[in-house]
Amino acid sequence: MKEKNKVFWKGVEELHNEPEFIKNNLNEFPESVLAKGAAASDESAPDRRDFLKLVGFSVAAATLAACEAPVKKAIPYLNKPEEIEPGIANWYATTYTEGGDYASILVKTREGRPIKIEGNKLSSVTGGATSARVQASVLSLYDTERLKGVQVAGKASSWEVADAAIVDRLSKISQEGGAIRIVSSTILSPTTWKAIAEFKSKYPTTEHVVYDAISSSAISKANAASFGKAVIPSYRFDKADTIVSFGADFLCTWGAGDYSTDFSKNRKLNKNKKTMNRLYAFESSLSLTGSNADFRAPIKLSQEGLFVAELYNRLTSSRINTEAVKNDILDKAVTDLLASKGKSIVVSGSNDVNIQILINEINLALGNYGSTIDLSTPVNYRLGDDEKMNQFVDDLKGGKVAAVIFYAANPAYDHPRAEDIKAGLKQTKLSISFADRADETASLVEYIAPDHHYLESWNDAEPKAGFYSLAQPTIAPLFKTRQAQESLLKWSGNNADYYTYLKNNWASSILNGVSWDKALHDGVYEGASTSSEAAPSSSSFNGADVAAGISKVYTSAAKGIDLKLYEKVGIGSGVQANNPWLQELPDPISKATWDNYLAVSKKYADDNKLEEGALVKIKVGNKELAKAVPVLIQPGQAQGTASLALGYGREKAGKVGTGVGANAFALTTVQNGLVQYSAFNVTITPTGEFSKIAQTQTHHTIMNRPIVQDATLKEYQANPTAGRFFPTVTTPDGKVAPAKVDIWKDQHVQPNHKWGMSIDLNTCLGCGACVIACQAENNVPVVGKREVINRREMHWIRIDRYYSSAAEPKETGVYFKGEGDLEMPEENPQVTFQPMMCQHCNHAPCESVCPVAATTHSTEGLNQMTYNRCVGTRYCANNCPYKVRRFNWFKYFDNEEVFDKNTSMNTALGRMVLNPDVTVRSRGVMEKCSMCVQRIQEGKLTAKKEKRKIKDGEINIACAAACATGAITFGDQNDPESQVSLENDDLNKDRAYAVLEELNVQPNVFYLTKIRNI
Amino acid sequence: MHVTSSVRPPLVTGGKKYEDVTQDICKQVEGAPSTAWKIAFSFSVLIFIYGGYCLWMTWYDGIGMWGLNKTIGWSWDITNFVWWVGIGHAGTLISAVLLLFRQKWRTSINRAAEAMTIFAVICAATFIIAHMGRPWLGYWVLPLPNAFGSLWVNFNSALMWDVFAISTYFSVSLLFWYVGLIPDFATIRERATGIRRVIYGALSFNWDGSAKTWSRYEAVSLVLAGVATPLVLSVHTIVSMDFATSIIPGWHTTIFPPYFVAGAIFSGFAMVLSLMLVTRVLYNLEDYITIEHIESMNKIILTTGSIVGIAYLTEFFMAWYSGVYYEAFAFQNRAFGPYWWAYASMMTCNVVTPQLFWFRKIRRSLVWTFILSIIVNIGMWFERFVIICTSLSRDFIPSSWAMFSPTMYDVGDFLFTFGLFFTCFLLFAKYFPVINMAEVKAIMKSSSEKKQ
């Protein structure tokens, strides 16, 4: 006790405790401030100055107190959930599915909100790849147009009421023997199939009709015909040396499989590996695949079958009797295919069974089954059966369907016979939809039982036979929605919640004793290969029938314009049309946003006196497009063809997607039971009006500048610096490299880290997933069509797309020359994609010109932007040679009247997607790529807390993480072992170049030359 | 001890006496505003109000109201800024440089030219503020001590130099102008009664007209002229460095400082002529601003116009001679690219038409002078537009190439400065003596004349 009896004193006076001090200490307030004026004679009386000081202070204090301070609500947890630590992200492994599209993903949640999606590297199906649509799907979760609860006849109702009525009526219909149909898109989930089976057993008149908005029915039908298995095989593009594609855009959307990762594995080059695959593309419109092809032949759609047949005839000893076609590139392809037997793939995007049968025969003749094509491990991405769907529409129209349930399907929008479906729906006794909004189909049904968003759901998927994947909720349901499977179970009399049902199903039929927790943690469960079936060595093939079928449809004599209806990488079939990120994602080829358009060749436009943006009406047989669409002049578009994207023209998507573009599904047709996405001899009529297409890039050629440096594989093999441009500056001592001439001492010393990037132009396919990943990570606003037309899109990373020009010299490595018009793209151009973002120059031109020093250089090589110091003179943007700086022309947040399409910043719900680690920029400030500085900071802090150095690969930036092909490498250039140093300084030292090296701005981003296998 | 050539004609014609000068100039200040003035003033104020609305909307909604984009971050805003600063060159040149060179003919025009300078610099300054994304934070470009820690401006930035150059130029010009006004205000004060006498008395700082005061007046004028003379060169030199210190082809040019200064004097003199020709007629000042004045100024326009023309050609030569592809492309693109029409307008207005001043008849023709002075100003506007906009529209990376099209707010904000300029100028012309009476009186007698 005694030890604790310490004496604390505040000052020496108190320690001494003199009487004067004691006396003064009794007064609560020191005399010197208040107690003056006790007497006029008192020296310490307040004088005029004191009085004025006090008055001044009081007035200022009162004035300040009267000012309104903004109310900011930060409400702490009353009971903090155990797993949530404010400021620390939680990651959940789950599964993205949209129809048959699939990705195994990791979801980043902050304070309980999913804000970002990354690929799950544990999945061998996707290998950690995500597409733009997957990246953007997190915003769809916060879509305000989603239904907030069950709807009965267009009015909000309660689940109890709806359930009772539905069960009652289903039983009645079932008892009467009325036909019940479940119409869905491809379902990847085995447990959902089980639930549907349960529903079927309860209501035995039920049939399940599966269709895909963009169908691959012909492939499974062809496989059934050839090999007796109605499946779509899995392809191993990484094992192929020669790939031939007939209109199959497999790098983008074809068959929903993500083949770009596999494809690009064999495109990577370095000093130890100097070989790569070769890609041939035969297509009518310039697709992502075609633009990455080494050889591309534009062909008319009405000759597609003839080309495939010709290839068949040239590769096999047997011939079928079809019209012969001649093509140099086909000759080359034949030679290459024969040279790489068993190591090649031939694919076609056609939905014509005869073509697909021929493709099977070609692959069989080349010995590709068992090596590059695996028929025993089929993929489930497209299970739709067009014939069955067609039968359903017939039944519906004929009034033979009593009850219909739509699950993840919107046929009133995306089926060729949408009008029949709309009419037929009126004759049903019961119609239900699980749609998340009152879309084109759901708005016609009686009951809408909205399903959860996939990020709110438990689910599973089997994208490929034997490869399973789990989905878990990353947030509690935002609205009173209910999982569709649970609804089905409930209506079948099973009250189990779907989670239990799923878990039991996995325990009993999938997991084989493996821990559920591990499967859930990993997100994927990949059992041993289920099949040991031998690859087929023979097929049943009736050449005469196929030849007859081909000859009936395809002819080189066709004169009219062929129309190709295709999917865009962002919008796809239009399911996520209400997602503004995807609407504003520039099309990889045309760089157009917020619209679909009729792509035509320059010759067609000239012949018909059509200017870009001229509105035209399109007619296929007796089907006409509801809205006129603008014309876009597309280099590489085959003569006599035109193309138009599907997925637009939604009528009931929501405020973002409704009315954007025209619905091209209206032009699809059903032929021989299969949906056709191409049409011959279409009528195109100009209306005489114009509508500007919102493109983010309007100049299309590189002007033969060494901004893109490229060479052929042969040249590269002979000389690894092939295609490189080495600028020099003339000095009194002769010509030297620009970096040698410098009036500055090196001001920027980077002792610890020097962050940098390496971008491989060879593996960048141009898909745009990085653009959306960056947008999600960095709270990049959407500006809408008008502002894109004004050239003010805000993307921090863009993919520049360049067409070659006929005026460029043919020699490699010759730059700055041209004979003729360099601004005019070639008729069938070579295409190059170049991701462009802030180059983080070490001698940054932007930094020196800012009057207020709002943009400065960090000691780690980053060019940093201090938003709240910026006054917005835009000098930095002007002086940026790469033109990567983006200015906030308007206030894009909390400004719903003008920027209602920027949903992530203008609604309370939308704002939940914002990354709390990144500032939302105010109006009038400049912004640009920060190299995800928040991620670098987080990584540094983690390493610091653990008292260690940062490991290479520990920090990754959003664009690099999203890149399916690994074209972007990020890391510390000061670490000689880091991947980025290896790429730039070792493995690909001879290919690495800085764009505009002659300016000596010394960027931290390097590009590896594009090598074409020609 | 002035020695003036005897062949030189008198600078003020019409046999004016000292009292005539006072009377001729003061009557404008003292009389009721004329109808022409009222119409002109109402018109200016209307433009000012409309422009003010446009400026307000730009301020309220953001720079996006203009036609700028991700590629072209400056266009009409900085074009107008440089144009106005250029116009603001003539005043100081006339008052300071010509004072130092003892060019006596300057006395009849220096007052109005200086006023024009001040108003033009104010107009230019509005664009400095208006072009900012966050104009309310414009004061951050000043090196003010602050409580934010070591937060300081970036002295490397040419925009920073601009701030100093323009503010210095404005301060000195204002001072110079006002010092010159003081004796004339005293003259008006002496003639005025009532409240006017008080106001003009205050404006004249109670000038007493003593020999000592005059001596100080002359000394201050000389000192200010000395200070102002380098500013004439420095301001536009520094403005040109906004471009010359950048790396954009078409901007990154060492020829810019002399070329910009010549261009500024060129446009400044043209603007002085446009304004003086009108004032001269309206105020019956033909005897003070004589055809000789006009001819002298036309000669300067011819000289500076030719310098500018040579600069244009030198740029092309350098673009070729440097061997830098981007530089060569930028100039080819100027002349033959999508903005060829702007370049053609510039060449016609600035290089071709001023050559007409080689003809004495045209040089001495009021109508021709007026038309050509307007053309020169149009040409000089296009010069800045060509430099700023065409260089930005197509620089290094072709994917970002873009075009600029002005919106009604670009136009409106330009109109705002016109409204501001003419409102100020008309107020000046009505309430201030437009000609420096004191100095004109000093040159009424040519030294070769016989003493009266």
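All values derive from a computational prediction rather than experimental measurement.

### A short note on the sheet that holds strand S1 (residues 90-98) of chain A
Residue and element names in this part refer to chain A.
Moving on, step 1. Taking strand neighbours across the sheet as the criterion, the 3 strands line up as S1-S2-S3 in an open arrangement whose pairing is antiparallel. Two strands bound the open sheet, and with one partner strand each, they are S1 and strand S3 (113-119). Each adjacent strand pair in this sheet contributes to an overall mean axis angle of 40 degrees, direction not counted.
Moving on, step 2. Bridge analysis of strand S2 (residues 101-110) against S3 gives 6 bridges, and the strand direction is antiparallel. Within the sheet, the bridge partner assigned to threonine 109 lies in S3 and is proline 114.
Moving on, step 3. Across the sheet, helix H5 (residues 132-141) lies against S1, S2 and S3, angled at about 170 degrees from S3, the strand it touches most.

### Here we look at the pairing of strand S6 (residues 179-184) of chain A
Residue and element names in this part refer to chain A.
Moving on, step 1. By the criterion of burial, S6 is predominantly enclosed, with 5 of the 6 residues buried.
Moving on, step 2. Looking at chain direction, S6 and strand S14 (residues 401-407) are connected through 6 bridges and run parallel. When the bridges of S14 are listed, isoleucine 182 appears paired with isoleucine 405.
Moving on, step 3. Bridging between S6 and strand S7 (residues 206-210) involves 5 bridges; their strand directions are parallel. Across the sheet, residue serine 184 finds its bridge partner in S7, namely valine 210.
Moving on, step 4. With helix H7 (residues 190-202) bridging S6 and its parallel neighbour S7, the resulting β-α-β unit is right-handed.

### As for the interface of chain B and chain A
Many authors give the size of an interface as the accessible area that is lost as the parts come together.
Moving on, step 1. If you look at the interface, chain B gives 37 residues, while chain A gives 42 residues.
Moving on, step 2. A per-element tally of the side of chain B that touches chain A places helix H6 (residues 158-191) of chain B first, with 3 residues.
Moving on, step 3. Grouping the amino acids of the side of chain B that touches chain A by side-chain chemistry returns 19 nonpolar, 14 polar and 4 charged.

### Some words on the domain arrangement of chain A
Moving on, step 1. Taken as a whole, chain A is organised into domain 1 (2-66), domain 2 (87-210 + 387-464 + 467-499), domain 3 (220-379), domain 4 (559-695) and domain 5 (710-1012).
Moving on, step 2. Once you take the C-alpha centre of each, domain 1 of chain A and domain 5 of chain A turn out to be 61 Å apart.

### A short note on the pairing of strand S35 (residues 798-803) of chain A
Two faces belong to every sheet, and in a regular strand the side chains alternate between them.
All names here are of chain A.
Moving on, step 1. Taking burial as the measure, the 6 residues of S35 include 6 buried ones, the bulk of the element.
Moving on, step 2. Pairing geometry for S35 and strand S36 (residues 831-836), over 6 bridges, is antiparallel. By the bridge assignment for S36, tyrosine 803 is matched with valine 831.

Conventions and cut-offs
Residues numbered from 1 in each chain as written. Chains lettered and ligands numbered in written order. Predicted model: local features only at pLDDT ≥ 70, side-chain atom pairs only at ≥ 80, totals over all residues. Pairing = 2+ DSSP bridges. Helix = DSSP H or I, 4+ residues; strand = E, 2+ residues; numbered from the N terminus. Axes fitted to C-alpha atoms, helices over the stretch in contact; angles between N-to-C directions. Contact = placed C-beta atoms within 7 Å. Buried ≥ 20, exposed ≤ 12 C-beta atoms within 10 Å, placed from the backbone. Right-handed = clockwise from strand over helix to strand, strands pointing away. Nonpolar A, V, L, I, M, F, W, Y, C, P; charged D, E, K, R; others polar. Domains from an automatic or database assignment.

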